[in-house]
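This is what each chain is made of:
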Amino acid sequence: MAEMNAVTAINQTLSELMAEDARVVLLGEDVGKNGGVFRVTEGLWNRFGARRVVDTPLAESAIVGSAIGMAIGGLRPIAEIQFMGFLYPALNQIFSHMGRIGQRSSGKFRVPLVVRIPYGGGIRAPEQHADSAEAMLVHTPGIKVVVPSTPYDAKGLLYAAVEDPDPVIFLEPIKLYRLGRMEVPQGRVNVPIGPARVARSGDDVSVITWGAMNHLAMEVAEDLARTAGISVEIIDLRTLKPMDTETIAESVQKTGRAIVLHEAPRTAGLGGEVVASIQEDAFWWLKTPVRRVTAADVPYPPFAWEDWYMPTKERLAGAIREALAD
Amino acid sequence: MAEMNAVTAINQTLSELMAEDARVVLLGEDVGKNGGVFRVTEGLWNRFGARRVVDTPLAESAIVGSAIGMAIGGLRPIAEIQFMGFLYPALNQIFSHMGRIGQRSSGKFRVPLVVRIPYGGGIRAPEQHADSAEAMLVHTPGIKVVVPSTPYDAKGLLYAAVEDPDPVIFLEPIKLYRLGRMEVPQGRVNVPIGPARVARSGDDVSVITWGAMNHLAMEVAEDLARTAGISVEIIDLRTLKPMDTETIAESVQKTGRAIVLHEAPRTAGLGGEVVASIQEDAFWWLKTPVRRVTAADVPYPPFAWEDWYMPTKERLAGAIREALAD
Amino acid sequence: MPDAWPLYQVIGPEANHPDRVKPEIAVKIFNDMVLLRTFDEKTINLQRQGRVGTFPPSLGQEAAEIGSAWALEPEDWMAPSYRDHGALYVHGVPFSHVVLFAMGKGSSIDGVARVLPSSIPISSHLPHAVGLAMAAERLNQAHIAIAYFGDGGTSEGDFHEALNFAGVFRAPVIFFCQNNGWAISVPVSQQTATPTLVQKASAYGVFGARVDGNDALACYQVVQEARARALAGDGPTLIEALTYRIGPHTTADDPARYRPLEELEQWTGAKDPIVRLQEYLEGLGILAPGEALRIRQDATVFVNQAVDDALNSAPVEIHSMFEHVYQTIPRGLALQREELERIHGAMAGKGGLHG
Amino acid sequence: MPDAWPLYQVIGPEANHPDRVKPEIAVKIFNDMVLLRTFDEKTINLQRQGRVGTFPPSLGQEAAEIGSAWALEPEDWMAPSYRDHGALYVHGVPFSHVVLFAMGKGSSIDGVARVLPSSIPISSHLPHAVGLAMAAERLNQAHIAIAYFGDGGTSEGDFHEALNFAGVFRAPVIFFCQNNGWAISVPVSQQTATPTLVQKASAYGVFGARVDGNDALACYQVVQEARARALAGDGPTLIEALTYRIGPHTTADDPARYRPLEELEQWTGAKDPIVRLQEYLEGLGILAPGEALRIRQDATVFVNQAVDDALNSAPVEIHSMFEHVYQTIPRGLALQREELERIHGAMAGKGGLHG
Ligand SMILES: Cc1ncc(C[n+]2csc(CCOP(=O)(O)OP(=O)(O)O)c2C)c(N)n1
Ligand SMILES: Cc1ncc(C[n+]2csc(CCOP(=O)(O)OP(=O)(O)O)c2C)c(N)n1
Ligand SMILES: [Mg+2]
Ligand SMILES: [Mg+2]
């Protein structure tokens with residue numbers, strides 16, 4: 001088993017999936033000869049050719065829209081949107097079609113399409129290259145949304161996404177692309193869409209998070225365990241839709257305290273949904289209000305401000321201490 | 001003072017605003033000669049001419065995008081999107097520009113733009129003509145979002161929106177367009193952006209809602225008062241962003257019980273945000289979990305199903321009774 | 001440069017293309033045009049009686065709808081818009097499904113036809129057609145995809161992106177644009193500053209053809225030629241079919257508010273596509289005297305039956321709202337379904353809210 | 001039809017337009033092109049040293065950037081993309097602001113220039129330019145708007161919608177497309193199936209002009225003419241400036257992965273826009289011997305100063321992240337600001353996280 005980072009894990013998975021199934025095609029901006037701006041599709045154009053690794057014109061709505069057509073027509077397209085901030089021109093395809101065609105065709109057509117999207121901040125990127133727009137995707141019926149926070153999960157969830165009969169948005173936390181390596185086996189890895197992962201067991205407070213924030217949570221949890229003897233449980237959601245509210249509820253019923261941590265702006269972010277689900281499933285166990293640690297309600301700022309914009313260790317630790325004070 | 005429905009109130013307001021300020025222009029699909037598909041702009045093309053009431057080509061991104069340019073260039077554009085389901089092609093303009101230009105220009109440019117959008121369901125409309133996509137708009141920093149549920153508020157909020165230096169999305173509940181008339185004065189009416197309205201005072205439970213659901217809540221409250229002596233307080237948010245969390249908290253601190261009612265699908269709908277705000281501001285007063293009564297997590301179905309899809313009186317009354325049983 | 005885009009015509013004194021349509025096909029086309037007219041008139045009446053919801057008739061566009069669709073093969077993919085039930089019918093979707101759709105009871109597609117659910121957001125289905133065509137080509141399947149849309153549809157970004165993709169990938173796809181003069185209340189002269197729509201083809205390096213959209217045989221042939229080109233690997237075609245929407249945009253629309261009556265009058269009577277084809281076929285002896293009348297009478301019987309099938313259909317049930325959203329219903333959604341069935345089940349059992 | 005779109009040239013043996021640029025303007029254009037080149041080279045170095053973030057140089061595109069912008073008047077609106085700091089500079093934005101932008105310290109626009117914040121999502125600013133132009137026209141202001149974008153930008157839906165709007169409303173707007181051969185790794189031949197980009201103008205009924213984008217005087221004149229047409233009420237112009245991106249897409253890009261070296265070599269040397277203008281002006285005696293050298297030396301001093309201004313700028317503070325989001329900060333947002341200042345204020349006081 002080889003140690004690898006997330007970029008390599010995703011690249012290897014794409015390569016395996018394409019080798020196994022000739023219906024799998026990649027399309028997107030610069031995914032071909034250039035191997036993707038993050039090198040995620042490196043080498044695939046050479047190996048599988050330009051008819052299966054398709055450099056498209058610069059047009060996101062057509063990328064997602066034509067991929068919908070390809071999926072209905074019998075291919076297994078994996079579309080890449082270069083950054084989440086450039087998904088917006090394609091939202092009409094996502095909201096109006098991707099998750100509706102199953103229902104609108106009375107089940108005659110399914111859309112086995114995967115849309116890969118690098119997302120999130122914290123990497124000193126130029127403006128509008130660091131958005132976290134997962135909430136609106138999770139709000140969209142008929143699609144699934146996953147976000148791995150380890151190379152292993154990236155591989156497993158990508159297998160699951162491509163095999164899924166329904167459209168899956170596959171979010172790739174940019175910050176984690178090359179942060180941390182772990183052992184990832186060759187061949188199929190089993191990480192089903194749905195179940196959350198208990199990234200760390202603990203008794204005092206539950207932190208529910210996903211993507212790059214999982215790592216922030218782990219660091220804070222280690223710090224607090226060491227310095228204050230606080231035992232933090234961390235739930236890495238992995239699948240945002242359909243959300244594993246059972247694992248969340250189980251954890252909060254145990255700890256009685258919960259914090260939702262995400263890097264999107266607070267208001268109407270996905271944190272609210274998690275709070276509401278805790279409210280519904282674990283209200284009687286709550287010892288203190290569920291808190292949210294999130295980005296500020298401002299547009300993702302130029303990167304000189306980003307360390308303040310994004311949740312910090314200080315803020316998460318502060319929220320945990322406050323929760324424990326009740 | 002004349003009695004009028006919401007269509008007339010909005011129409012009259014537009015007319016007054018245009019007469020007062022030559023910078024106000026309307027643009028959109030069929031807003032001119034045809035007077036809008038809901039007749040909201042009826043007569044304005046005749047009165048103010050085609051240069052101020054502009055029938056545009058069929059292109060939502062250009063409607064919002066050019067309106068952004070107009071606003072920066074010194075006009076006071078009011079753009080209409082024909083139905084909320086057709087806002088999606090314009091979301092890139094809304095997410096990438098409308099609320100960011102203030103920050104990105106260090107305050108040099110503001111975008112005094114109003115985007116009017118008929119929205120919501122329950123009127124046996126054809127497919128994709130009944131979406132409620134407010135959550136993603138509320139999630140967008142830098143913009144404001146209002147939704148009147150009475151003709152009077154429609155007038156007042158529209159004045160406030162057009163006078164606001166920042167971009168405002170003005171949501172018009174289609175179902176309420178011609179449902180109910182009330183007295184609305186000529187000339188400026190004062191309904192500031194921000195404060196919620198206590199639509200009905202009560203002691204036992206707070207229902208927080210907006211748009212057409214306000215009327216459902218009122219009916220249920222009357223029923224329950226009459227038949228079961230239950231006293232329901234109804235908060236009509238009116239402004240969704242920035243949200244009046246103080247009024248919500250005050251109400252829930254009084255009643256100890258809260259239900260959020262909205263017609264968008266449940267998961268990651270705006271209901272979660274309201275629940276989270278109650279959690280943060282009124283946790284210690286809560287006698288029972290905050291409940292959500294919402295649409296199902298499926299695409300808005302063909303209208304034969306819509307009475308099941310949308311929240312019903314039965315479901316709201318049931319949730320209220322459950323809350324009171326705790 | 002209007003000369004670069006001559007109007008393809010088969011029927012009429014100015015015909016510039018020979019008639020290559022087999023007589024029996026021509027009669028079938030005529031038959032289906034009559035069916036479509038009959039169906040539209042019937043359904044408008046149903047709407048007036050409150051038995052179906054808003055309905056967009058294609059009155060006046062029968063030649064473009066029916067002629068074009070007859071040029072397709074069953075394996076070809078069709079991505080229609082809301083007004084294309086004529087093309088749908090020819091491609092295998094029964095009229096009863098169209099009525100069900102207008103009744104708000106579900107999709108207008110049936111179990112066999114290669115027809116996508118009618119697209120509501122203007123032009124958003126054009127990229128689907130491109131993707132379907134690219135898939136067919138990559139899977140070495142000898143069929144094409146066709147998208148139907150209107151003059152207003154040419155203004156949307158998706159029109160542009162789809163045609164550009166199709167040009168770059170030489171996708172075997174046909175963009176069939178019915179220029180019916182209006183996009184609700186906006187005339188095509190305010191939709192774009194170009195004198196034709198077909199000339200937009202030259203922005204994408206795709207083949208363009210302008211056809212008399214009230215000449216069913218020309219529509220048939222022009223699509224047939226585009227299809228052959230696509231299958232030969234010569235790429236996509238943008239077809240502008242020049243026709244006219246005689247009726248309202250939908251039953252909720254009142255064209256008197258925006259449309260001069262004189263214009264309407266120019267397009268009815270001798271220019272009516274059904275009248276034109278009938279006269280032409282009778283002139284050639286392909287339609288015997290009285291045959292058209294019989295076809296009209298049969299159409300009424302046929303349409304009435306289709307409408308009755310739909311009107312007599314079983315009421316919808318709660319569970320089917322959840323059924324096809326995902327192939328397998330997720331747990332949370334199943335709970336929502338159960339809750340609704342618990343609360344509203346009794347009503348559903350009695351035939352639903354919309355019995 | 002390549003002949004319909006001849007390449008507008010002023011400099012060189014195949015010049016087909018007379019030189020109408022005043023000598024003193026020509027020298028200023030040359031000067032600013034040198035400045036831009038100097039600035040790009042300097043900033044690339046800053047990026048290598050880790051002192052600024054990702055930076056998109058416009059190496060090779062100096063003629064198009066500077067020539068076009070010199071044709072504008074101060075009141076004209078400019079809607080630029082990320083690569084247009086040359087045009088920004090000419091239109092009044094100091095280079096120090098561009099460095100600040102690359103440092104992640106904020107907007108590249110300054111307090112006076114009529115320049116929108118550089119647009120990041122490709123072509124999304126084109127509709128803004130149309131709206132600005134429509135506003136000017138409605139407010140009876142005698143100025144125009146110009147949007148800058150690249151070859152890749154022609155594929156986006158917003159390009160299409162903006163040009164179509166502009167055509168319909170005859171907006172006084174110029175669409176200045178720099179065809180630099182590449183959109184990151186995608187060559188223009190894979191971006192669209194048309195041999196030129198300018199021919200897309202005919203899809204919108206707008207005027208099209210194709211200019212030698214490495215000929216600064218041609219770029220100047222062609223924009224001047226488009227501007228005059230716009231102000232005369234003759235509507236918008238799409239300009240395709242044929243140039244070449246000599247450098248990487250951004251400092252994060254490695255063109256060696258996708259671009260043949262031979263192609264690059266064709267565009268450097270004699271075809272270099274600065275070389276071309278220098279030789280031309282020296283040939284006419286407009287630039288005296290040695291003047292170019294002095295201009296280059298002055299440029300270094302000037303650019304170093306601008307860069308130092310930026311590098312020495314005060315650190316950013318928490319509150320300015322909240323400051324301009326709304327004209328008046330809403331209560332909830334003010335609470336968020338206070339919370340951040342409470343938790344991170346000490347650090348901010350010490351000069352911020354990015355001192
Ligand atoms: C994206 C989008 N915007 C607006 C609408 C509302 N709408 C429905 S039909 C129509 C006009 C369409 O005109 P055209 O494309 O010419 O087709 P026709 O109706 O004439 O067949 C409009 C504006 C829509 N369905 N989708
Ligand atoms: C909507 C959108 N999609 C993708 C990107 C990522 N991206 C940045 S620049 C670029 C290529 C642009 O090429 P072109 O328009 O030719 O301009 P150039 O960079 O050559 O100046 C891409 C794909 C983006 N910024 N916006
Ligand atoms: Mg039309
Ligand atoms: Mg380029």
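Residues numbered from 1 in each chain as written. Chains lettered and ligands numbered in written order. Predicted model: local features only at pLDDT ≥ 70, side-chain atom pairs only at ≥ 80, totals over all residues. Heavy atoms only, no water.

1. Observations regarding the coordination of the magnesium ion (ligand 4)
Residues and elements named next belong to chain D.
And step 1. Those donors, Asp151 (OD), Asn180 (OD1) and Trp182 (O), are the protein atoms that reach the magnesium ion (ligand 4), and they lie 2.1 Å from it.
And step 2. Here the donor residues for the magnesium ion (ligand 4) map to a single chain with the spacing D-x28-N-x1-W. You'll find Asn180 and Trp182 in the same group, each marked buried. (Donors = N, O, S within 2.8 Å, 3.2 Å for Na, K, Ca; no water. Buried < 20%, exposed > 50% of the residue type's maximum accessible area, 1.4 Å probe, protein only.)

2. A closer look at the domain arrangement of chain A
By a widely used convention, the size of an interface equals the accessible area lost when the partners come together.
Residues and elements named next belong to chain A.
And step 1. One can read the domain layout of chain A as domain 1 (2–184) and domain 2 (197–325).
And step 2. Taken over C-alpha atoms, the centre of domain 1 sits 26 Å from the centre of domain 2.
And step 3. At the interface, 32 residues of domain 1 touch 24 residues of domain 2.
And step 4. Interface area, domain 1 with domain 2, both sides summed: about 2,200 Å², of which 57% is carbon and sulfur.
And step 5. The interface formed by domain 1 and domain 2 contains four salt bridges.
And step 6. Linking Arg238 and Asp153 is a salt bridge whose minimum nitrogen-to-oxygen distance equals 3.2 Å.
And step 7. The interface formed by domain 1 and domain 2 holds 18 residue pairs in polar contact (both at pLDDT 80 or more) in total.
And step 8. In terms of residue count, helix H6 (residues 134–138) provides more of the side of domain 1 that touches domain 2 than any other element does, four residues in total.
And step 9. Each residue belonging to the side of domain 1 that touches domain 2 can be placed in one class, and the counts come to 17 nonpolar, eight polar and seven charged. (Domains from an automatic or database assignment. Contact = heavy atoms within 4.5 Å. Buried area = accessible area lost by both parts, 1.4 Å probe. Salt bridge = Lys/Arg side-chain N within 4 Å of Asp/Glu carboxyl O. Polar contact = N/O pair within 3.5 Å; in protein donor to acceptor, adjacent residues only side chain to side chain. Helix = DSSP H or I, 4+ residues; strand = E, 2+ residues; numbered from the N terminus. Nonpolar A, V, L, I, M, F, W, Y, C, P; charged D, E, K, R; others polar.)

3. Quick notes on the pattern of salt bridges
And step 1. Counted by the stated rule, this structure contains 70 salt bridges over all chains.
And step 2. Residues B:Arg104 and A:Glu127 are paired through a salt bridge, measuring 2.8 Å at the closest nitrogen-oxygen approach. Residue B:Arg104 is located in helix H5 (residues 101–104), and its partner A:Glu127 is located in the loop between strand E5 (114–119) and H6; the two belong to separate chains.
And step 3. When its relative accessible area of 4% is taken as the criterion, B:Arg104 is described as buried.
And step 4. Looking at A:Glu127, the relative accessible area reads 8%, which means it is buried.
And step 5. Between D:Arg294 and D:Glu291 there is a salt bridge whose closest N-O contact spans 3.9 Å. Taken as a pair, D:Arg294 and D:Glu291 lie in helix H11 (residues 291–311) at a separation of three residues, close to a single helical turn.
And step 6. Overall, the relative accessible area of 21% leaves D:Glu291 in the partly exposed class.
And step 7. Here the salt bridges do not stand alone but share partners, grouping A:Asp153, A:Arg197, A:Asp236 and A:Arg238 into one network.

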